[in-house]
Amino acid sequence: MRVGIGYDIHKLVAGRKLILGGIEIPFEKGLAGHSDADVLVHAICDALLGAAGLGDIGLHFPDSDAAFKNIYSIRLLEKTREKVTAQYPRIYNIDATVFAEAPRLCPFREAMAANISQALEIKKECVNIKATTTEGLGFIGSGEGMAAMCVAMLGAG
């Protein structure tokens, strides 16, 4: 078995859609980035790539490559699954946390988990999504950005 940890953080800005777990979340701001800036999916990609010993999301999907401009991050997750499962065919589980003061993410967790499990071709029960605030502290607490962290476990079968 192999375990990986992923983390991502992006600034919130006006004029962008907020996409988390491949779901458009109603909110007055979105996350800035080269792709759709889905911090949750990016953290999951990094956790999976790390578990497989394949580097990180920036190595495989660099922001200097125009092919990834505004890409739906679920597509990056599907490509990550292909890379990872070539070596480690079983994704045992994904456990991720989104850090955000607003909006409330509880109503969207099931849909996010469904999207992620479909992209990874694993059971929805193997994907756990949590959300928390930072109690008003720091960059996230002031509403300037969001972050996500993930742990993933892979195996040979």
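Above: the structure in question.
## As for the sheet that holds strand 5 (residues 90-99)
Taking strand neighbours across the sheet as the criterion, the five strands line up as 4-1-7-5-6 in an open arrangement whose pairing is mixed. The two strands at the open ends of the sheet, each matched to only one other strand, are strand 4 (30-31) and strand 6 (127-132). As defined by bridge partners, strand 5 adjoins strand 6 across six bridges and the pair is classed as parallel. Directly across from V98, in strand 6, lies its bridge partner A131. Contacts between helix 1 (residues 39-51) and the sheet are confined to strand 1 (2-13), strand 4, strand 5, strand 6 and strand 7 (145-155), with strand 1 contributing the most and set at about 155° to the helix. The strands that helix 4 (residues 109-120) touches are strand 5 and strand 6; relative to strand 6, the one it contacts most, it runs at about 140°.

## Section: the nonpolar core
Counting 46 residues, the largest nonpolar core has L20, L40, I44, L48, L77, I94 and L120 as the members making the most contacts within it. Secondary-structure elements contributing two or more residues to this core are strand 2 (18-20), strand 3 (23-25), helix 1, helix 3 (73-85), strand 5, helix 4, strand 6 and strand 7.

## Side note on the pairing of strand 5
When strand 5 meets strand 7, the two strands line up antiparallel, connected through nine bridges. Each residue of the ladder has a partner; that of V98, found in strand 7, is A148. Considered for its hand, the β-α-β crossover made up of strand 5, helix 4 and strand 6 is right-handed.

## A word on the environment of R16
Tracing the backbone through its elements, the reader meets R16 in the loop between strand 1 and strand 2. Sequence separation of R16 and K124 is 108 residues, and the distance between their C-alpha atoms is 28 Å. Those residues in contact with R16 that lie beyond four places of it in its chain are K29, G30, L31, A32, G33, S35, D36, A37 and N70. A distance of 3.4 Å separates the side chain of R16 from the backbone oxygen of G33, its partner in a polar contact.

Conventions used here
- Residues numbered from 1 in each chain as written.
- Predicted model: local features only at pLDDT ≥ 70, side-chain atom pairs only at ≥ 80, totals over all residues.
- Heavy atoms only, no water.
- Pairing = 2+ DSSP bridges.
- Helix = DSSP H or I, 4+ residues; strand = E, 2+ residues; numbered from the N terminus.
- Contact = heavy atoms within 4.5 Å.
- Axes fitted to C-alpha atoms, helices over the stretch in contact; angles between N-to-C directions.
- Core = buried A, V, L, I, M, F, W, Y, C linked by side-chain atoms within 4.5 Å.
- Buried < 20%, exposed > 50% of the residue type's maximum accessible area, 1.4 Å probe, protein only.
- Right-handed = clockwise from strand over helix to strand, strands pointing away.
- Polar contact = N/O pair within 3.5 Å; in protein donor to acceptor, adjacent residues only side chain to side chain.

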